[in-house]
Amino acid sequence: MKFARLFILLFLTNIQAYAVERTELNKVLFSVGDQSWTMRDMDLYRSVMSDVYKKKSLTQYSKDEFNDFLVSRISLKEADVFQISFDKKVPTEPERKKLAAFTRDEIDKEVTAIAKAEALIEIKENQHKDSARFNTWYELMKRKYVVRIKSGENK
């Protein structure tokens, strides 16, 4: 009987921990126009960047990981507006296995999103050879696409 109570207690604790973890993953970090991104989206971005692109950031001018993720989403919107051509990267099976926490469709969409953003960022970095000019463009894009950051710590 004590074993059953202990089992139920442990089971309920695990359910609560899972619920907290799911809430954190679904926490909205920011919105760009009419679209929002969550912690799970950022985790997917981080994983694809490291496992598929073998990079820590898209631009040398990113202040931190959050800003790199945000600039990638803004650049994606801008690349779509201008229909920027980009090189399509196809993840290998070993890379996909490392990303097992995400679906094949999520991975493919993220790989494409990063490729589009990367194409625009390369153009902008070539135009704006120093960080001050690049960051001015970045701030302008944040206003253009009405970026609303949900977390107070990532401004």
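As the structure is a computational prediction, the values presented were derived from the model and not from experiment.

(A) Structural view of the layout of surface pockets. Volume-wise, the largest pocket comes out at about 250 Å³. In terms of lining, the largest pocket is formed by 14 residues, of which the most central are Gln35, Trp37, Asp41, Arg73 and Glu110. Elements with a minimum of two residues in the lining of the largest pocket: strand S2 (35-38), helix H2 (39-51), helix H3 (65-82) and helix H5 (104-127). For the lining of the largest pocket, the leading source of residues is H5, giving five residues. Split by residue class, the lining of the largest pocket holds four nonpolar, two polar and eight charged.

(B) How the structure looks around the confidence of the model for the protein. Per-residue confidence for the protein gives a mean pLDDT of 84, with 81% of residues at or over 70. Within the protein, no element has a lower average pLDDT than helix H1 (residues 2-25), which sits at 48, and none a higher one than H2, at 95. This stretch, residues 9-22, has a pLDDT under 50; its non-local contacts, to residues over four places away or in other chains, come to zero contacts.

(C) Summary view of the nonpolar core. Within the largest apolar cluster, 36 residues are counted, with the highest numbers of intra-cluster contacts made by Phe30, Val32, Val48, Tyr53, Leu70 and Ile74. Those elements that provide at least two residues to this core are strand S1 (28-32), H2, H3, H5 and helix H6 (131-144). It is H5 that contributes the most residues to this core, eight residues altogether. Apart from residues no more than four positions distant in its own chain, Leu70 is found in contact with Phe30, Val32, Tyr138, Lys142, Val147 and Ile149.

(D) Summary view of the sheet that holds S2. Strand order in the open sheet made by the three strands is S2-S1-S3, with antiparallel pairing throughout. Of all the strands in the sheet, just S2 and strand S3 (147-149) have a single pairing partner and so form its edges. On average, adjacent strands in this sheet sit at an angle of 20 degrees to one another, irrespective of strand direction. In this sheet, S2 lies alongside S1 in antiparallel orientation, the contact comprising four bridges. Counted as the bridge partner of Phe30 is Trp37 from S2.

Conventions adopted
Residues numbered from 1 in each chain as written. Predicted model: local features only at pLDDT ≥ 70, side-chain atom pairs only at ≥ 80, totals over all residues. Heavy atoms only, no water. 1 Å grid on protein atoms, 1.4 Å probe; cavity = no way out; pocket = protein on both sides within 12 Å on 5 of 7 lines; lining within 4 Å. Points joined across faces, edges and corners; volume = space filled by probe spheres on them. Helix = DSSP H or I, 4+ residues; strand = E, 2+ residues; numbered from the N terminus. Nonpolar A, V, L, I, M, F, W, Y, C, P; charged D, E, K, R; others polar. pLDDT = per-residue confidence, 0-100. Contact = heavy atoms within 4.5 Å. Core = buried A, V, L, I, M, F, W, Y, C linked by side-chain atoms within 4.5 Å. Buried < 20%, exposed > 50% of the residue type's maximum accessible area, 1.4 Å probe, protein only. Pairing = 2+ DSSP bridges. Axes fitted to C-alpha atoms, helices over the stretch in contact; angles between N-to-C directions.

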